[in-house]
Amino acid sequence: MNIDYSQELPVVEGRLTLREINDLIARPMDERPNKKYFIALSFTLSLLFIGAISVALTLYYGIGMWGNNQPVGWAFDIVNFVFWVGIGHAGTLISAILFLLRQKWRTGIARFAEAMTIFAVMCAAIFPILHTGRMWVAVVYLLPYPNQHSLWVNFSSPLIWDVFAVSTYFAVSLVFWYVGLIPDFATLRDTTASKIKKVIYSIFSLGWRHSHRNWQHYEKSYMLLAGFATPLVLSVHTIVSFDFAVSILPGWHTTIFPPYFVAGAIFSGFAMVVTVLIFVRKIFDLENIITINHLEKMNKVILATGMMVGYAYAMEFFIAWYSGNPIEQFVFINRAFGPYAWAYWIMVSCNVIFPQFFWIKKIRRSIPIMLMIVIFVNIGMWFERFVITVTSLHRDFLPSSWGYYTPTLVDFGVLIGSFGLFFTLVLLFTKTLPVVSISEVKAVAEGAQPSHNGGDH
Amino acid sequence: MEQNKKVFGIAALYDSPNAIIKAAKTVTDKGYKNFDVHSPYPVHGMDKAMKLPPSKLGFVTLAFGLSGAAIALLFMYWTMTIDYPMIIGGKPFFSLPAFIPVTFELTVLLATLSTVIGMVTFFFYFPNNSHPIHDTNYMKSVSIDKFGLCIEADDEKFNEEEINKLFTDLGAIKIEKIFFPDKLNVKILEPKFIGLLLIVAAFVSVSTYLHLNKVLYLVPFNWMMDQGRLDVQSSSELFGDKFGMRNPVKGTVARGFMPYEYQGVNEPTSPLSNPYLPTKENLSLGEKKYNSFCSPCHGNLGDGDSRLRGQFPLPPSLHSSKSRDWLDGNLYHVIVNGQNVMPSYSSQLSREERWAIVNYIRVLQRAKNASEADIQEIKKEPVTNVSE
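No experiment lies behind these values; they were computed from the predicted model shown. (Residues numbered from 1 in each chain as written. Chains lettered and ligands numbered in written order. Predicted model: local features only at pLDDT ≥ 70, side-chain atom pairs only at ≥ 80, totals over all residues. Heavy atoms only, no water.)

> Quick question: what am I supposed to make of the interface of chain B and chain A here?
It is common to give the size of an interface as the accessible area lost on bringing the parts into contact. Residue-level contacts link 75 residues of chain B with 69 residues of chain A. If you sort the residues of chain B by the area they bury against chain A, Tyr41(B), Glu105(B) and Ile144(B) come out on top, with a joint share of 10%. Summed over the shared surface of chain B and chain A, the result is 2 salt bridges. As a salt-bridge pair, Arg19(A) and Asp145(B) come within 3.7 Å of each other at their nearest N and O atoms. Connecting chain B to chain A are 27 residue pairs in polar contact (both at pLDDT 80 or more). (Contact = heavy atoms within 4.5 Å. Buried area = accessible area lost by both parts, 1.4 Å probe. Salt bridge = Lys/Arg side-chain N within 4 Å of Asp/Glu carboxyl O. Polar contact = N/O pair within 3.5 Å; in protein donor to acceptor, adjacent residues only side chain to side chain.)

> Looking at this structure, how should I read the pattern of salt bridges?
Residues and elements named next belong to chain A. In the structure shown here, the tally under the stated rule is 22 salt bridges over all chains. A salt bridge links Asp-30 to Lys-197; its shortest N-O distance comes to 3.8 Å. In this pair, Asp-30 sits in helix H1 (residues 18-30) while Lys-197 sits in helix H7 (residues 195-205), placing the two residues 167 residues apart along the sequence. The residue Arg-189 makes a salt bridge to Asp-190 at a minimum N-O spacing of 3.3 Å. Residue class for Arg-189 comes out buried when judged on its relative accessible area of 4%. (Helix = DSSP H or I, 4+ residues; strand = E, 2+ residues; numbered from the N terminus. Buried < 20%, exposed > 50% of the residue type's maximum accessible area, 1.4 Å probe, protein only.)

> Which parts of the structure should I look at to understand unusual backbone geometry?
Leave glycine aside and you will find that most residues have negative phi; peptide bonds, for their part, are mostly trans. Each neighbour pair has its own omega, and for Gln70(A) with Pro71(A) the value is 0°, a cis peptide bond. Relative to the assigned elements, Pro71(A) resides in the loop between helix H2 (35-61) and helix H3 (76-100). The peptide bond linking Phe126(B) to Pro127(B) adopts the cis configuration, its omega dihedral lying at -5°. Considering the arrangement of structural elements, one finds Pro127(B) in the loop between helix H4 (96-123) and helix H5 (137-142). Not every positive phi belongs to a glycine, and Gln233(B) is a case in point at roughly 70°.

> Even after reading the chapter, I still don't get the sheet that holds strand E2 (residues 35-38) of chain B, so can you show me in this structure?
Think of a sheet as strands paired side by side through backbone hydrogen bonds, with each pair either parallel or antiparallel. Residue and element names in this part refer to chain B. Taken together, 4 strands build an open sheet; the order of strands is E2-E3-E1-E4 and the sheet is antiparallel. Edge positions in the open sheet fall to E2 and strand E4 (174-179), since each of these has one partner strand only. Going across the sheet, the axis of each strand differs from the next one's by a mean of 20°, ignoring polarity. Taken together, the 6 bridges between strand E1 (residues 7-14) and E4 define a ladder with antiparallel strand orientation. The residue of E4 that forms the bridge with Gly-9 is Ile-178. (Pairing = 2+ DSSP bridges. Axes fitted to C-alpha atoms, helices over the stretch in contact; angles between N-to-C directions.)

> Even after reading the chapter, I still don't get the packing of aromatic side chains, so can you show me in this structure?
The description of two aromatic rings rests on the distance between their centres and on the angle between their planes. The final tally for this structure, using the stated rule, is 69 aromatic pairs over all chains. Note on Phe185(A) and Tyr201(A): the rings are 6.1 Å apart at their centroids and 40° apart in plane angle, and the pair reads as tilted. Taken together, the residues Phe185(A) in helix H6 (residues 158-191) and Tyr201(A) in helix H7 connect sequence positions 16 residues apart. Assessed through its relative accessible area of 7%, Tyr201(A) is described here as buried. Centroid distance Phe257(A) to Tyr260(A): 5.6 Å. Interplanar angle 75°. Geometry classified as edge-to-face. Separated by 3 residues within a single helix, Phe257(A) and Tyr260(A) lie in helix H9 (residues 257-283), roughly one turn from each other. Side by side, Phe257(A) and Tyr260(A) carry an identical accessibility label, which is buried. Pairwise contacts between aromatic rings join Phe76(A), Tyr340(A), Trp342(A), Trp382(A), Phe383(A), Phe386(A), Tyr404(A), Tyr405(A) and Phe412(A) into one cluster. Sitting over the face of the ring of Phe35(B), Arg213(A) holds its NZ or CZ atom 5.3 Å from the ring centroid. (Phe/Tyr/Trp six-rings, centres within 6.5 Å; stacked < 30°, edge-to-face > 60°. Lys NZ or Arg CZ within 6 Å of the ring centre and 35° of its normal.)

The quantities given are spatial measurements derived from coordinates; they are silent on function.
Structure, rendered in structure tokens:
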């Protein structure tokens, strides 16, 4: 338990050789999945099945199956969308921002976090596409294309910015992920014993030869991608927050929203990454590569961003009081003490109070307590989006139309289905692709880089 | 058998990153050009050891990033100001701040995609799974934990013995000769391949047909008509009389309605007093309403000269001493209540409009019976510049 923070900790523990690292990461793909895996998969597939039924009901009967109605016209669809997009932000943060900051410890978790980004954005996309009703013609009004009416999308609308931001984010994350996978595909191609797997890996490795003349451009491209992904990841949740902040509804119309949303996204994303990694490192014996130090560092990020989010909550109240605007003041008092006070206090306790335990080093490094706290954070961040969306809408300017929003079973079904999709994809990913970047971890292992006096200097 | 094959190059394996840096440095210094270093991960300092010029990949990124920004801005400019200009939120057609997000996203999208596609195709010449180095034992080692250096046969200074000696001196753990593989004989007209093509063609045609002819014409859901509310004239089981349409509760008063206490009374003795002053706005309202509702019978100036050419009995003049001596409240009472053949106007005129008409009638009466003082007052008024 006594760790000396004055010295840089080894990124890979246990003094593994390069070949051992290789075998350790590649093993889950060569072994047949065991019983536990199938139990887990059948559980997530059942969640996905519930979601599929709910989506089918929504498509057949229309979005009237959902609980949102006047005055709460935006509810579960936007709440879940923002929740999932937020989850995605940890992956790009780890792979891009921590890369630019030269944080070597990111190598052990970057691949997994990036995969979670991609899956989370896929889950997020379900909701805006479903809410368009007939989603097979959604492309007609979501994208600018030449048409006989000579009509174009409204480029001044935050909703169309959202379409561009989220689709760019998905495309860039996918490309970034794939570029990282190319050398690993080549390594797998050269180590696998199966003929079919070899053909598949060859196709995806594009014929990578580990040549240094290629590595040189490759490293450059990785840096360029990281340089672009960094502002991109900040822009995506900023633009998502514009969906609210650009409107003139009290409770939404605040300039603090962009930084507040970005901090919240990183907060929830890291919580989700820690939640999943705790299980993955245990099940696939990756404790030496995804070490307890990694988890501790992520917990520190959760603590820091959690306090940023707490600051934003307080600042919203301060501005409501300081502005002297009675309607703004009503919205916030109603948020904390009105009909949705239960949701507000769940949010505050999960997001602001529980992460404070991470000040204690023992808790930061204790797996069971950590798991509990990050699950609370996940719940709290979902409620944050719920509180922002629903409490601002349910008391509108006309008291006669005040109402109370209650989600329907179909609403819950689609939400459960999105979790099913996410965890099904995560499970499939752990068995089909290396969950840790093989080449990056090798490069930061002890003795992997030339010593200053050894290389004929 | 190996003798018949063409040699691609000679490759050596090394055990440590220090050894491969030293080997690369020596080979570069000896003047070899066509050689390559292979390592499972990028080894630091190798660019310097191989004397590689800096990567030019950044220029691709720059060019496509700038074009992304330009395409986005020009496209939005064209659609929003030229092709279909529309005022949105009272902002100018070309409102730059609103165009920044999309411009930024398109810049990032084009820059990153072009970087990766450019790198893979123009810098690596990928995909290339038929390179001679694939599937050799050498490749299988450098893929995992060894560091390799391969000098190719088309180098000017290529000499097998010299290179073997050089590699051994540099501490190679294994030296391997790499040959070009046998030419692969791939038949295009193979049944499996043709079958795959046919399946793809069938799938694409069927899905395109279904999309264009069926899915796009699906009837949108039409259960919106089927709602729980009561339609006009429909019956309801909720009420005893089965009527869906209900009368307002007894004693219900409409918003803005003020009950009139002399309804149906003839010439009330103490009528209401006029709450409105004859301001300019009030009088112009009165004039407008008088001309619309009163003048057809009472005449434009209140003389009782109807425009109706005898279709309706003529009313008495408003300039009689009776009506001039009446209180405002009496005139108001007639408008609300009606008198003789004149009907009530309470449903057509609001309270304010009725009082405005009363004020306007007072103006007409005073104009018809102007005193000497009134005429002096008018003569004092400055002459306007309105020409006749």
